Structure formats: C-alpha cells, structure tokens
Amino acid sequence: MIPAERIDQLRQKIRRHEELYYMHAAPEISDAEFDALMNELKALEASHPDLLTPDSPTQRVGGRPAEGFVTVEHAQPMLSLDNAYNEDDLRAFDERVRKGLAIAASPSYVAELKIDGLSIALTYDRGQLVRGATRGDGTRGEDVTRNVRTVRAVPLSLEHGPQARVEIRGEVYLSKKAFERMNQEQEAAGEPLFANPRNTAAGAMRNLDPALVAKRGLSAWMYQVVIPEGGPEGPPLHAAMLQDLKAWGMAVEPHWRHCDGIDAVIDFCNEWRDKRGALAFETDGVVIKLNDLAQRERLGTTSKFPRWATAFKFPAERKMAMLHRIEVNIGRTGAATPFARLEPTVVAGSTISMATLHNPDDIIRKDIRPGELVIIEKAGDVIPRVVGPVNTDPDRPLARWVMPTHCPVCNRPLHKPDDEAVWRCENSSCPSKLRRGLEHFASRGAMNIEGMGESLVAQLTESGLVKSLADVYHLTAEALAGLERMGKKSAAKVMSEIDKSRGNEVWRLLYGLGIRHVGERGAQVLADHFGSVAEVQAASRDQLQQVREIGPVLAEAVRTWFDEPRNRDLIERLQAAGLTTVGERKVAPAGPQPLLGKTYVITGEVPGMTREEAQQKLQALGAKVTSSVSKKTTGLIVGAEPGASKLEKATALGIPTLDEEGFVALIMNPS
Ligand code: IVH
C-alpha cells in the first residue's frame, strides 16, 4: 500500500475508535492498540510531511505552549440560565412561558442533563474546526483553540456537517474517573483537592501547555448550534438540531428527552435525580428548553437569561455515616487540616470513606464528635463533606472534639496566626512536610518523575535517604534497589526518570518547589517573564507584582520563600546537581505601558515575527490584543495575506489600519 493510502486508512481507523471511545463509551480496541495506530500514523507523517493535514488526529496537540490567551468575541452572547430548585419553581417557569406566549396548554420542551463542566463555543468553517473559546464574561471569551483540539470528543472536522461558518456550543467536562484521578494526584502532592469537575475542567482548559491538557482526559458534550446572521436556516425544532449535531459527528449526550408539557419534564427531573449516580460524568441538574425555536424568538431574553429555558438543580445527596475518627493531615506548607474517617458509605454513586470537615472552628461550632453518626453530603457531586451530627443533644455521652495542640507527625506545637483560620506546623524539617513536598515535586504536573509516587516517597523520607528535595539528585541505583518492592530494574528506571527531570522546563521546577500560592499557571507566568530561577529570586516584591497575573499575595509568598536561607541553599544544590534553572524569557520585562486602554487586532503574518511575538510586544506596552474587529478596536494591524473579513469590517467601522511600517513605528515609538 502506498503511504498516502495507509495514512488515510489509519486516520479513518483512529477517528472511528476515537468516536467509539469518547462518544459512545464503547471501545473496541485496547489503549495499547490505539496507541500503536497513532504511532504508526505519526511515523508515516514524519517521513511524508507533505501528506500532513491540520485535521489529522495526530494534530490534536499543537507543538509549543501558547504564551497566553487572546480574548475573542462570541457570535452571539453566551447567556447563563435561571435556576429552579423544586417542582413549584418548574411549574412557575412553565406558567411564565405560557403567559409570554399567550397559550393555555403547556408547550413542548426538551430536557437535557446539565453537565457539570465548562461551557465552550466551537467554530467550524467549511467543516473545519477553526476556533474554540471559553464563555468568559458571556460576550468575550478566551481563545483556547489549541487546548480544545486536544479533546478527543471534539471532531477536528465535521464529516457531514454544514460548509457555512457555524458556532457549536456545549460543555467540556471531566469524567468521574478522570476527576478522581486528578484529585488523587492533588492529594499525593499535598495540594488542596478540586471542589468539583467544573473547576477542574476549567483549570485544565486554561493551562498554557496543550500537551498537558491532552493528558487530562477532558471530554465534551455539545448541545446548541448558533448560526451567524445571514447564515443558512437551521431546523425549526431543538430536538431536530440535536439530531443534526449527532449526524455531523458531534458528541451529543444521549439521555435528552422530548417532553410534551411540564409534567413530563418533572418526571424526567425526578428520574435523573435518583439515577444520576450511574452516569460516567457528573451532572448537577437538568436544563429545560422550549423545543420550538420560533416560540423562543417570541419570548426573547432578559439581560442575563433566556426566558425560554431554565436549569433545575438537583438537591445535594445526603446520607448518614459513622464517623470513626477525626484525623489531621499536614500538607507540604504545614497547614493542618482535619478530615473525617468514615465507615465506607455509598453516596451519589461512589463509596465515601473520607470527607472534608472545613476548619477546626467549624467542627466545634457544629459540635461534631468522633464515634457518632453524622450526615454527609455530596453537593453538586463535589467532594463529600460532613454536614453535622445526627444527634445534636449537647449532653450526649461522647467526648467533644478538640483540635490537637501538636503536630501529629513531628509533635511540635501547632500555630495559628490571628487573622487566619488555618493551623500550621512551623517546623521546617517536619517529616510530613518533606514527604508531601517531595510527592508534589515528583508529581506529573511538576517534575514528572515517574515511579516516584506515594509509596517510594514514604520509603525515601522514612529511611533518611532524602532529607531535602536536592537529595533526590544524589540517589544511587544501589541505594534505591535496597528499598522494599524495588528491584534492580525498577531502580534503574527511577534513576533514569530522575536524570531526565534535570532537563525539565524552568516552570516545572518553580512549581515543584512548592512555594505557597504558586500553582502551575503562576509558575509558567513567572518563568515566561523572568526566564530563570535566579531572576525570580532576585526580583523585588514590586517587580514581581508588576508581572501580569501576579498579585500581591503571590508576590509576597515568592519573596518570603526565596528570603529563607535554607531555600536559597536548596536552589544552589539543585543547580549544582545539574537541573535546568535558566530558560527562555518569553515576555519582555514590564516597562512603561503607553498603550494601556488601546485594543488591536492582528490579521495576516507580520514579517519577521510570529503572531504571538507581535501580540506580546503590544501587550508588553499595555495594549489588549483581540481576534475580532469591533467598535472598540483602536487599530487593525495588517500583515501579509490578511483576512478579508477583518479588513472589510475595519473599513466599515472606520477603524485605522497599520501596515508593517506602521506597526514597527507603533512599537518603537508608542504614544
Ligand atoms: S444551554 C441559553 N444545556 O449550564 C442556554 N447549558 O447555568 C445556554 N450547561 O452556561 C445553556 N449543561 O455552561 C445548556 N445541556 C445543557 C447544559 C448547559 C450544562 C451549563 C452551561 C451554562 C450553564 C448555565
């Protein structure tokens, strides 16, 4: 078979298996077989670059991380929904609809599961995915195209879809499994757990590194087509539109139902309130929409919500469970957080044996006592929490809980600053801090040292082989092989992983150090701005704060961390061990911002630089860069092969255009 044919065959196979896996949850081949197909395709494309196309399944992960997100305008505002919490609210909604339409009988609705994720707007032009944007403030969102392309449930091209430009809206979400996996990683790293799949999906989608986003295992369900003004007619009914979407190859959540009247809607809500635990993804309610689009038109919208739809929110699921003990976990920053150890109990489809208890004051205020039955809740299917005791009699014969005065690990006194709710172990060599700190350092999101999970970290810290993060780089294969459950082969594998991590990007190290408040994104922003660990270390509080996205709390935390002599020592030792501490400075240092308040749009290639570089230059001078021309645009920068529509719009709105010379003059001499 000639390569072009094999490539075509592989692409078709991969697309089919992606669809089976992500849209129908019915895989026919194993992950390894899938990877083998993908690897063969990658190899063939690498040796025949002329045959590479942007919609090839290998092109889901764009190469280099983007430098930030440009904001883009939505074709129509993305509204949110009014809420209904019970049957009465639903009937009141139906009454408003009937009144608005001047009809006696309850109309036809479509009820869909409300997916607990992040709303997304995908733009397809001539059948190709050209843009993915977050909801943002409803009018403008962030352009996350590169990340959206990594979501396997989002087709890169529509097989039988329209050729005209259309916007398809829906929800990007994390399956229950993927959400649990991310939280296990958070826990292993001593990081606070994500509260719900929505925040987690949003966090993943806003990551600057598409390769990392791809690993999160995000998925998507789509539920709406928006045709821009002047586009072709869509179907007159929502139900028909959902069927169209599916026929185009989009993932449509299959449990939606056409409901004739509000009684059928109420049945649907009650049914799924009880059944939702069995779904592979989290749902926090039901979205009820008028089926007839002409009726929707007549009702219109308020400034915030459409009058033709509402969201029914499921009540939180509650259960009783025996609270065995209240234990205290010491995180890597020393924060002492109590948590509940429970008799394993099934709530909303998952078995719960631990639950959060908020802070010590809360436990005392609610008078929760170990050894008694408590009520636990999964609200909106988030991490379970203890609501309170079943028996609230203050004279019940059980000892009240008191916050331990000493660290359960190193036995030093715990402290609580007056203005904080959190107790901390301030012993800088508390073994728990080192252990959690090392788990975080080695975790996938940070230095990504495969094999250095919870159990190896426990052995390394308990045996005294690792007393500081830098000791990791002085481990030997012999020392590792001497540990339990560690053969020669696995020891060699871990050693090679450690060695590989020396070459990691600077942001991974900055994140791995475990500086308070410095998350993945904060570390990326710091690395992009300063370029090296030494520059971050040398930056004053003011200089830190001048960096876009770095606020006073983060600046203060970074300064405090680097001011500590033992941390400076650690950096020196890591540097001496050959870790990469100098990278590429991707953002010019903040200087005066003469273009503050101005907004530019770039179309076409600006000679001599990438579009991102041109964008950064403008942003460094304080300007905003957006991707579509509106009344608010200050100027349109026109490079080689500009897009016709942007030029036309700018001309129509009387917005000045700048050619290459004009652009260079602007950045050299902004005023
Ligand atoms: S329709 C104007 N359908 O819920 C109608 N939204 O609280 C727009 N959501 O921002 C939304 N599942 O992100 C719709 N099946 C579904 C949904 C859904 C989840 C989200 C969406 C929206 C929010 C409103």
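Source: prediction; values computed, not measured.

## Description of the pairing of strand β10 (residues 283-290)
Of all 8 residues in β10, 8 are buried; the element is thus mostly enclosed. Where strand β3 (residues 108-115) meets β10, 7 bridges bridge the pair, whose relative direction is antiparallel. Residue pairing in the sheet places valine 110 in a bridge with lysine 289 of β10. In this sheet, strand β11 (residues 309-313) lies alongside β10 in antiparallel orientation, the contact comprising 5 bridges. Paired with lysine 289 across the two strands is alanine 309, which belongs to β11.

## Some remarks on the packing of aromatic side chains
With the rule as written, the count across this model stands at 8 aromatic pairs. Measuring from centroid to centroid gives 6.4 Å for phenylalanine 441 and tyrosine 473, while their planes differ by 80°, and the two rings are edge-to-face. Remark: tyrosine 473 occurs in the loop between α13 (454-462) and α14 (477-481) and phenylalanine 441 occurs in helix α12 (residues 431-442); sequence separation between them is 32 residues. For phenylalanine 441, a relative accessible area of 0% puts it in the buried group. Since its relative accessible area comes to 5%, tyrosine 473 is described here as buried. Among the aromatic residues, ring-to-ring pairing joins Tyr173, Trp221 and Phe281 into one connected group. Note that lysine 275 overlies the ring of tryptophan 272, its terminal NZ or CZ placed 4.4 Å from the centroid. Across from the ring centre of tryptophan 308, 4.1 Å away, lies the NZ or CZ of arginine 296, which sits over that ring.

## Focus on the packing of helix α20 (residues 552-563) against helix α21 (residues 565-576)
The geometry of α20 relative to α21 is characterised by a closest axis approach of 5 Å and an angle of 80° between their N-to-C directions. As far as their axial angle goes, α21 and α20 are roughly perpendicular. Seen from α20, the contacting residues are Arg559, Trp561, Phe562 and Asp563; seen from α21, they are Pro565, Asn567, Arg568, Leu570 and Ile571. Grouping the amino acids of the contact of α20 with α21 by side-chain chemistry returns 5 nonpolar, 1 polar and 3 charged.

## Here we look at the nonpolar core
Residues Leu122, Tyr124, Ile168, Leu218 and Ile288 are the most contacted members of the largest nonpolar core, which totals 66 residues. It is helix α9 (residues 262-275) that contributes the most residues to this core, 6 residues altogether. Formed by 52 residues, the second largest nonpolar core is a distinct cluster that contains Ile449, Leu513, Val547 and Ile550.

## Thoughts on the site of the ligand
All residues in the neighbourhood of the ligand are listed as Leu81, Glu112, Leu113, Lys114, Ile115, Ser119, Glu171, Tyr223, Val287, Lys289, Pro306 and Trp308. Between isoleucine 115 and the ligand, the recorded distance is 3.0 Å, taken from a backbone N or O atom to a nitrogen atom. Between the ligand and the protein, one listed contact pairs a nitrogen atom with a side-chain N or O atom of tyrosine 223 at 3.2 Å. Bound to the protein, the ligand loses 89% of the 520 Å² it would expose on its own. The set of elements that each furnish at least two residues to the shell around the ligand consists of β3 and β10. Here the shell around the ligand is composed, by residue class, of 7 nonpolar, 1 polar and 4 charged.

## What to know about the confidence of the model for the protein
Do not read the fine detail of predicted coordinates wherever pLDDT is low. For the protein, the average pLDDT comes to 88, and 94% of its residues sit at 70 or higher. The least confident element of the protein is helix α22 (residues 611-620), whose mean pLDDT is 77; the most confident is strand β9 (residues 257-260), at 98.

## A word on the sheet that holds β9
Taken in spatial order, the 5 strands of this open sheet run β2-β11-β10-β3-β9, and their pairing is mixed. If you trace the sheet from one side to the other, it starts and ends with β2 (83-84) and β9, each paired once. Strands in contact with helix α8 (residues 238-247) are β3 and β10; relative to β3, the strand with the most contacts, it is inclined by about 45°.

## Digging into the sheet that holds strand β7 (residues 166-174)
Taking strand neighbours across the sheet as the criterion, the 4 strands line up as β5-β4-β7-β8 in an open arrangement whose pairing is antiparallel. Only two strands of the sheet have a single neighbouring strand rather than two, namely β5 (128-134) and β8 (218-226). In this sheet, adjacent strand axes meet at a mean angle of 30° when their direction is disregarded. Summarising the sheet, strand β4 (residues 118-125) and β5 pair through 6 bridges and their orientation is antiparallel. Residue alanine 121 lies in a different strand from β5, and its bridge partner there is alanine 133. Contacts from helix α6 (residues 197-205) reach β4, β7 and β8 within the one sheet, and its direction differs from that of β7 by about 115°. Packed on one face of the sheet, α8 meets β7 and β8 and runs near 130° to β8.

## Brief notes about helix α24 (residues 660-668)
Residues spaced three or four apart along an α-helix face the same direction, because each turn holds 3.6 residues. Every buried residue of α24 is accounted for by Phe663, Leu666 and Ile667. For α24, the arc enclosing every buried residue in end-on projection is 90°, short of the 170-degree limit, so these residues lie on one face. Seen from the buried face of α24, the exposed residues on the opposite side, beyond 90 degrees, are Glu661 and Met668.

## Points about the pattern of salt bridges
Per the counting criterion, the structure on display carries 39 salt bridges. A salt bridge links aspartate 125 to arginine 165; the nearest nitrogen and oxygen atoms lie 3.2 Å apart. A residue pair is termed long-range when its members are at least 10 positions apart, and aspartate 125 in strand β4 and arginine 165 in the loop between α4 (145-148) and β7 qualify at 40 residues. Residues joined by salt bridges that share partners form a network here, namely Asp367, Arg369, Glu372, Arg396 and Arg400.

Conventions used here
- Residues numbered from 1 in each chain as written.
- Predicted model: local features only at pLDDT ≥ 70, side-chain atom pairs only at ≥ 80, totals over all residues.
- Heavy atoms only, no water.
- Buried < 20%, exposed > 50% of the residue type's maximum accessible area, 1.4 Å probe, protein only.
- Helix = DSSP H or I, 4+ residues; strand = E, 2+ residues; numbered from the N terminus.
- Pairing = 2+ DSSP bridges.
- Phe/Tyr/Trp six-rings, centres within 6.5 Å; stacked < 30°, edge-to-face > 60°.
- Lys NZ or Arg CZ within 6 Å of the ring centre and 35° of its normal.
- Axes fitted to C-alpha atoms, helices over the stretch in contact; angles between N-to-C directions.
- Parallel < 35°, antiparallel > 145°, perpendicular 65-115°, else oblique.
- Contact = heavy atoms within 4.5 Å.
- Nonpolar A, V, L, I, M, F, W, Y, C, P; charged D, E, K, R; others polar.
- Core = buried A, V, L, I, M, F, W, Y, C linked by side-chain atoms within 4.5 Å.
- Near = heavy atom within 4 Å.
- Polar contact = N/O pair within 3.5 Å; in protein donor to acceptor, adjacent residues only side chain to side chain.
- Areas by Shrake-Rupley, 256 points an atom, 1.4 Å probe, with all protein chains shown as cover.
- pLDDT = per-residue confidence, 0-100.
- Arc of directions from axis to C-beta.
- Salt bridge = Lys/Arg side-chain N within 4 Å of Asp/Glu carboxyl O.

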